[in-house]
Amino acid sequence: MDENQLKSSAKRKVFYITTPIYYVNDVPHIGHAYTTIIADAVSRHKKLAGLEVYFLTGTDEHGQKIEKAAAEKNLSPIELANQVVGRFKQLWQDLLIDYNFFIRTTADFHEKGVQAIFQQLKEKGDIYKGIYRGWYCVSCENFLTEDIPLDEDGLKTCPDCGKKATQVAEECYFFRLSAYQEKLLAFYQQNPHFVRPQSRMNEVVSFVRQGLKDLSITRTTVKWGIPVPNDPAHTIYVWFDALHNYLTGIGYGWNSSLFHKFWPADIHLIGKDILRFHAIFWPAFLMAAGLPLPKIVYSHGWWLKDETKMSKSKGNVLDPRIILEDFGPDPLRYFLLREVPIGLDGNFSHEGFLHRVNSDLANDLGNLVHRTLTMIQNYFQGKMEQPAPENESDRHLREAFNQTKTKAIAFYDELAINRALEEIWSYINQVNKYLADNEPWKMARQAEARPRLARILYQTGCALRGIALLIYPVMPASAEKIWQMLGEKTALSKLTYDQFQFETWLPEEAISPPVPLFPRVRLEDFLKEKASPTPATKKITKEAKMSTISFEEFMKMDLRVGEILSVEKVEGTRKLYKIQVSLGEETKQMVSGIAEEYQPQDLIGKKVVVVANLKPAVIRGIESQTMLLAADVNGRAVIPFFVEDVPAGAKVR
Ligand code: MSP
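Residues numbered from 1 in each chain as written. Predicted model: local features only at pLDDT ≥ 70, side-chain atom pairs only at ≥ 80, totals over all residues. Heavy atoms only, no water.

With that out of the way, let us pick up the site of the ligand. The local shell around the ligand holds 23 residues, among which Ile21, Asp60, Gly271, Asp273 and Trp303 are the closest. Contacts to the ligand include Tyr23, whose backbone N or O atom sits 3.2 Å from an oxygen atom. Contact between the ligand and Asp60: a nitrogen atom at 2.7 Å from a side-chain N or O atom of the residue. Taking 660 Å² as the accessible area of the ligand by itself, protein coverage stands at 94%. For the shell around the ligand, the secondary structure elements donating two or more residues are strand 1 (14-23), helix 2 (30-48), helix 8 (238-243), helix 9 (245-248) and strand 12 (267-271). Broken down by element, the residue count for the shell around the ligand peaks at 4 residues, all from strand 1. Its residues assigned to classes, the shell around the ligand comprises 13 nonpolar, 8 polar and 2 charged. (Near = heavy atom within 4 Å. Polar contact = N/O pair within 3.5 Å; in protein donor to acceptor, adjacent residues only side chain to side chain. Areas by Shrake-Rupley, 256 points an atom, 1.4 Å probe, with all protein chains shown as cover. Helix = DSSP H or I, 4+ residues; strand = E, 2+ residues; numbered from the N terminus. Nonpolar A, V, L, I, M, F, W, Y, C, P; charged D, E, K, R; others polar.)

Split into domains, the chain comes out as domain 1 (3-326), domain 2 (349-494) and domain 3 (534-638). Spacing between the C-alpha centres of domain 1 and domain 2 amounts to 41 Å. At the interface, 16 residues of domain 1 touch 15 residues of domain 2. Roughly 1,400 Å² of surface becomes buried between domain 1 and domain 2 when both sides are summed, with 73% attributable to carbon and sulfur atoms. When the buried surface of domain 1 facing domain 2 is broken down by residue, Arg44, His45 and Leu48 rank first, second and third, together holding 39% of it. At the surface where domain 1 touches domain 2, the tally comes to 1 salt bridge. Linking Lys46 and Asp413 is a salt bridge whose minimum nitrogen-to-oxygen distance equals 2.8 Å. On the surface where domain 1 and domain 2 come into contact, there are 3 residue pairs in polar contact (both at pLDDT 80 or more). Contributions of two or more residues to the side of domain 1 that touches domain 2 are made by helix 2 and strand 12. Looking at the side of domain 1 that touches domain 2 element by element, the count peaks at 7 residues for helix 2. The residue inventory of the side of domain 1 that touches domain 2, partitioned by class, reads 11 nonpolar, 1 polar and 4 charged. (Domains from an automatic or database assignment. Contact = heavy atoms within 4.5 Å. Buried area = accessible area lost by both parts, 1.4 Å probe. Salt bridge = Lys/Arg side-chain N within 4 Å of Asp/Glu carboxyl O.)

The terminal C-alpha atoms of helix 15 (residues 392-413), which comprises 22 residues, lie 32 Å apart, in line with the 32 Å expected from a rise of 1.5 Å per residue. Taken together, the buried positions of helix 15 are occupied by Asp394, Leu397, Arg398, Ala400, Phe401, Thr404, Lys405, Ala408, Ile409, Phe411, Tyr412 and Asp413. If you check the start of helix 15, you find a side-chain oxygen 2.9 Å away from the backbone N of Ser393, and it comes from Asn391. (Expected span 1.5 Å × (residues − 1). Buried < 20%, exposed > 50% of the residue type's maximum accessible area, 1.4 Å probe, protein only.)

Once that is clear, we can look at the nonpolar core. Phe175 and Tyr188 are the most contacted members of the largest nonpolar core, which totals 186 residues. If you count residues domain by domain, this core takes at least three from each of domain 1 (3-326) and domain 2 (349-494). Ignoring anything within four residues of it in the chain, the contact list for Tyr188 reads Phe194, Met201, Val204, Val205, Val208, Ala279 and Ile280. Listed in part, the 18 residues of the second largest apolar core include Ile564, Ile579, Leu603 and Ala612. (Core = buried A, V, L, I, M, F, W, Y, C linked by side-chain atoms within 4.5 Å.)

This brings us to the sheet that holds strand 11 (residues 231-236). Sheet strands line up and pair through hydrogen bonds in the backbone, either parallel or antiparallel. With respect to topology, 3 strands assemble into an open sheet ordered 9-11-10, the strand pairing being antiparallel. The open sheet is flanked by strand 9 (218-219) and strand 10 (227-228), the only strands paired with a single partner. Pairing of strand 10 with strand 11 involves 2 bridges; the strand directions are antiparallel. What sits directly across from Pro227, in strand 11, is Thr235. (Pairing = 2+ DSSP bridges.)

Further remarks concern the sheet that holds strand 3 (residues 101-104). Pairing within the open sheet is parallel, and its 6 strands lie in the order 3-2-1-12-13-7. The open sheet has two free edges, formed respectively by strand 3 and strand 7 (195-196), since each of these has just one partner strand. The pairing of strand 7 with strand 13 (residues 296-300) spans 2 bridges and is classified as parallel. Counted as the bridge partner of Arg196 is Tyr298 from strand 13.

And the structure:
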C-alpha cells in the first residue's frame, strides 16, 4: 500500500477485505485455500494493528457452470451447492479461517440486492435491451471478445482456459460499459495503485484503452440465476450477480449502518484469472450505481502442482485435507505464504513442502522453543529467578526484535507476507545464535552464574513471545501455543502490536514443560502416503463426516455385491491394486488402495460391497469404474466380507 492508502485506512480504523466467492461446481482445492489463507493472515494482521476488520468470503452458486455440474451429478443446483458449501465451511474451519461472514449468492437478501441495483441501473439508462450474438465460455462464465478467430471446425476457443466456447444468439440486457471507458481510464490515472502488482495495472489500462464494448448481463437460456425484475424470462449474468456480493455481504439492502461503516472495500483479493472482472466491470458497475470504488484489487498468482497446472482431468488437483490430516493448519498456511511472493505463480511439490516444514518449522522454530522451555524447566523448575542486568548481547537481542517487528509489520502492510516471514526467520536464527554463543547449559551447575543463566533464558523467553506475536497472522495456532507455554493467560488474538513490549514478560507462575509444536515426517513416508492418489477407503471416512443426507439421497447410491475376479498390483505404487469385479451381469474395473492390507489370494473369489453407479475416475492412468467399501481404521483398510454366500450383483441397502 502506498502512504496515502495506508493513512486513509489507518484514519478509518476499519478494514474490509474480501476473497472471491468460490464456484460450487466442485470441492475446494489448494488454490481456493491459498486466497482465503492470504485474506485471513491480512485480516489477523490488521486486527493486531488495532483496526476493526470485516472479512468476507463465500460461494458463487448461480450460472450455467453450476447448472451443468449439478445435472451431471444428478442433483438439483441447490442440492449441489448445499453439499459443496459444507465442504468449504469445514475446510475454512480446519484452516483456522476467521471470517466475519460467509455469503451465498442464493441467499434471499443477496438476490434482492442484485435485483435492486439492476433495476436502478435500468431506470438510469445504463442497462438496455438488445440482442447478443457471440461466443460464450461456460467454464469461465465469460463472453469472448470478437477478435478471437474461428478454428477449422468453425468454433472458438476460450483464450483463458483453452476450452471450446459455445455460440450464443439471444435477446438480452446490456450494460453500457462503453460509456465508462474514459471514466475508468481517468480513475486509473488518479489511482495508479488500484491494481496490484503494478504489472497487472498496466495490463488493465492497456485493455481498456483498446476500447470497451457494452456487456451482455442477462441470459434466457440459463435458468439457474436471479430473475431480472419484471422480466423473469431473463436471468442475471452470473458475474453481475457475483460481484455484488461485496456489497450485499456487508449489509447493502439489509444493514445500512454496517454497509456505510465498511464500504468501500480496502482490498479485494483475487487470482490473476479474474482480474478483468474486478478491475474493469466491477468499478464500472459501481460508478453506474453511484457508489465509492474499492481501494485495491490485489491479484495473486497460481499454484501449480509439480510445475503443471492442476486440473481434474490430469488428476493432480491437490486436496488440502490430505496435508491437514498430518500437519494441522499452520504448516500449510506457512508454506503457501512463505514460498512465493503474492503475485507470482508458485509450485507445490511434496518435497518442497516437507523441506520447509522440517527445516524452518521443526528445526529453526520448534527446536528453539523446545530447548528454551526445557532449560527453564530443568534449571529453574519452570519458575524464573531474578535475572542479572542486560549485557551487550542481551541488549542486542532486544533491539533486534524491535527492528524485526517494525520491518515485519511494514511488510505485512504491503502484503509482502513472504518478506515479513523472512525477517522473522532471520530473527529466529539470531536467537538460536544467541543461545549457542551464550552457552547457558554450561552455567547450570555454577551457583554464582544463576542470575546470568536466568537472564539468558529470560531474554530468550521474551524473544519467543515476540516471535509468537509476529507469526500469529500466518500461524495462529502455533503462535497461541507458544504464547501459552510461556505462561500467558490471555490469548494473543486479544493483543495489539502497540501493547506488546519485548520486556513485558513476567512469568509469575511456573511454566509447564513444552509440548511439540510441529510433527517431524520423513520424506519417504510422506511421499509414499501422500503423493499417491487418495485411496478409495480414505474417501469413505471423509464423506462420513459430511452433513446428514435424506433417505432419498442415500438411495441414489447403487450399492451391490461384487465378486472379485482378479487382482493385479499397479506398478510403481505401494498401495494400489487394479481389480476386476463381477456385478453379475457386468464386470467393472477399479483401482483400490488396499495392497498393504490384503494379498491378491485373500481377495480373489471374495464378495465385497461396491458402489456400482460411481462416476469413473482415472487413477494413475487406469480407469476406475467403481469402488469397494471398507472401514478406515487409522488409515488401514478393513474390508467387510459376507458371512453367508450372496450372489454377485445383489443390491445392498
Ligand atoms: N466465482 C468466481 C469468482 C467470483 S468473485 C465475485 C471464480 N471462482 S473460482 O472458484 O473458479 O475461483 C476462485 C479463486 O480461486 C480465483 O481467484 C482463482 O484465481 C483461484 N484459484 C483457482 N485455482 C487456483 C490455483 N491453482 N492457484 C491459485 N489460485 C487459483 O472464479
